Amino acid sequence: MALSGGRENGRTRDPQPTINDVARVAGVSKKTVSRVINRSPLLNEETRKKVESVIAELGYVPNPQARALALRRNFLIGLLHDNPNAQMVLNFQEGVLEAIRDTEFALVVRPVDRHSPDMLEDVRKFLEQQRLFGVLLLPPISENDALAELCRELGCGYVRMGSAQLDDDSHIVASNDRDAVRAATEYLIELGHRRIGLVAGPDGFRSARERQEGFLEAMAKHGLACGPELIARGSYTFETGRAAAERLFEANPRPTAIFASNDEMAAGVLQAARQREISVPEELSLIGFDDTPIAAHIWPPMTTVRWPIVSMARAAALKLIHPLDAEKQPAHFLSDLVRRASVAPPP
């Protein structure tokens, strides 16, 4: 296969194959070669093997620096978050790293302060300085439409994660939090619980609002009272979950079951129950949300809503690095109830 060469110090140097050479020999487009290089899951295996064989035959080595210069972008994906739940951020990173394994892409994690009046300007400077290929936005900042508009203005790809539809399908991965919590609450009701408490999530989080609405819808559907003495708000942390449980335990009569809006707060509820010598599940049933490792490892193992965050993160990253195929990745994910030993019929 003849490739155009050049001269170096009076000698003809071996030509370096280009992506155009690979595409021509393989009989495919440059875009297809790029997809193979970036491990796109949207290629059939026959095409992938054919292109990989030509790459090996020609000895083609992608040059990320040259490609970055041509695109005026680095092969960096930014993960922007302002979230008190460290486990949630770690789980999301796991899914992203799965998606970009064996590609040219790398992940940069950047915490931001959503309460700062300078947040948008700080993010603008970060995006301009780093020349990111794109960003992944975690809740609650993913719910900020001005942040998405900033990404569009700068020509920076973005995908938002949310508990509801926040954008078109190519820019969102969303879960069905409201439906999942409604089903979890109805599970408690089916077992005979009538006095059910809620540890709600923090103000300003769409996930907290969606989960609270699912809880309230289930209670209303079955004609069950849910006054302010049965709702306590936390901040998605262990300590605020424990403090919220203490408030709920002051209700008279005390709830026979509690739904906590994430596993961290549910673990805090469990701790508060133990300190009061309230037995779980004999005297108090408990359900969390997330299905983080803590749910399976505490005693009793905790019933929880499994949030498919790793799968959501993987899809979000693939949407970002393959924007032309973004709509082929799922945008909507279903959470389901994982039944363990922390739930029983009321005493």
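Let me sum up the structure you'll find in this document.

Reading the values: the criteria
- Residues numbered from 1 in each chain as written.
- Predicted model: local features only at pLDDT ≥ 70, side-chain atom pairs only at ≥ 80, totals over all residues.
- Heavy atoms only, no water.
- Core = buried A, V, L, I, M, F, W, Y, C linked by side-chain atoms within 4.5 Å.
- Buried < 20%, exposed > 50% of the residue type's maximum accessible area, 1.4 Å probe, protein only.
- Helix = DSSP H or I, 4+ residues; strand = E, 2+ residues; numbered from the N terminus.
- Contact = heavy atoms within 4.5 Å.
- Pairing = 2+ DSSP bridges.
- Polar contact = N/O pair within 3.5 Å; in protein donor to acceptor, adjacent residues only side chain to side chain.
- Salt bridge = Lys/Arg side-chain N within 4 Å of Asp/Glu carboxyl O.
- Axes fitted to C-alpha atoms, helices over the stretch in contact; angles between N-to-C directions.

**Focus on the nonpolar core**
Here is step 1 of the chain: Judged by nonpolar contacts, the single largest core of 46 residues is most densely connected at Phe92, Leu136, Met161 and Phe259.
Here is step 2 of the chain: With ten residues, the single largest contributor to this core is helix α13 (residues 309-321).
Here is step 3 of the chain: Not counting the four nearest positions on each side in its chain, Met161 is found in contact with Met88, Phe92, Leu137, Pro139, Ser142, Leu166, Ile172, Val173, Trp307, Ile309 and Met312.
Here is step 4 of the chain: Grouped together as the second largest cluster of nonpolar side chains are 24 residues, Val199, Leu248, Met265 and Leu284 included.

**Considerations on the pairing of strand β5 (residues 134-137)**
Here is step 1 of the chain: Neither face of β5 is open: one carries Gly134 and Leu136, the other Val135 and Leu137, and all of them are buried.
Here is step 2 of the chain: Both strand β3 (residues 76-81) and β5 contribute to a ladder of four bridges, which runs parallel. The residue bridging Leu79 from the neighbouring strand is Leu136, located in β5.
Here is step 3 of the chain: The pairing of β5 with strand β6 (residues 157-162) spans four bridges and is classified as parallel. Note that in β6 the partner of Leu136 across the bridge is Val159.

**Some points on the side chain of Ser335**
Here is step 1 of the chain: Secondary-structure assignment places Ser335 in the loop between β13 (332-333) and β14 (336-338).
Here is step 2 of the chain: Within the local environment of Ser335, its side chain forms a polar contact with the backbone oxygen of Arg306, the two atoms lying 3.5 Å apart.
Here is step 3 of the chain: The residues touching Ser335, leaving out its near neighbours within four places in the chain, are Ser175, Asn176, Ala180, Phe289, Val305, Arg306, Trp307 and Pro308.

**Considering the pattern of salt bridges**
Side chains that differ in sign of charge can pair as their charged atoms come close.
Here is step 1 of the chain: Evaluation of the coordinates by the stated rule reveals 27 salt bridges.
Here is step 2 of the chain: Taking the shortest distance from any N to any O, the salt bridge between Arg48 and Glu45 comes out at 3.8 Å. With a gap of three residues between them, Arg48 and Glu45 both fall in helix α3 (residues 45-58), about one helical turn apart.
Here is step 3 of the chain: The exposure class assigned to Arg48 is buried, which follows from its relative accessible area of 12%.
Here is step 4 of the chain: Residue Glu45 is classed as partly exposed on the basis of its relative accessible area of 45%.
Here is step 5 of the chain: A salt bridge links Glu246 to Arg276; the shortest N-O distance between them is 2.8 Å. Of this pair, Glu246 sits in helix α10 (residues 238-249) while Arg276 sits in the loop between α11 (263-275) and β11 (285-290), and the two are 30 residues apart along the sequence.
Here is step 6 of the chain: Glu246 gets classed as partly exposed once you look at its relative accessible area, which sits at 22%.
Here is step 7 of the chain: Judged by its relative accessible area of 35%, Arg276 is partly exposed.
Here is step 8 of the chain: Within this structure, Arg178, Asp179, Arg182, Arg206, Glu210 and Glu217 form a network of salt bridges that share partners.

**Quick notes on the sheet that holds β11**
Here is step 1 of the chain: What the six strands build is an open sheet, ordered β9-β8-β10-β11-β12-β14; its pairing is mixed. Lying at the two open borders of the sheet, with one neighbouring strand each, are β9 (231-233) and β14. For this sheet, the mean inter-axis angle between neighbouring strands, taken without regard to orientation, is 20°.
Here is step 2 of the chain: Sheet topology note: the strand β8 (residues 196-200)/β9 ladder contains three bridges and is parallel. Opposite Leu198, over in β9, you have Ile231 as the bridge partner.
Here is step 3 of the chain: Seen against the sheet, α10 touches β8, β9 and β10 (257-260) and runs at an angle of roughly 155° to β9.

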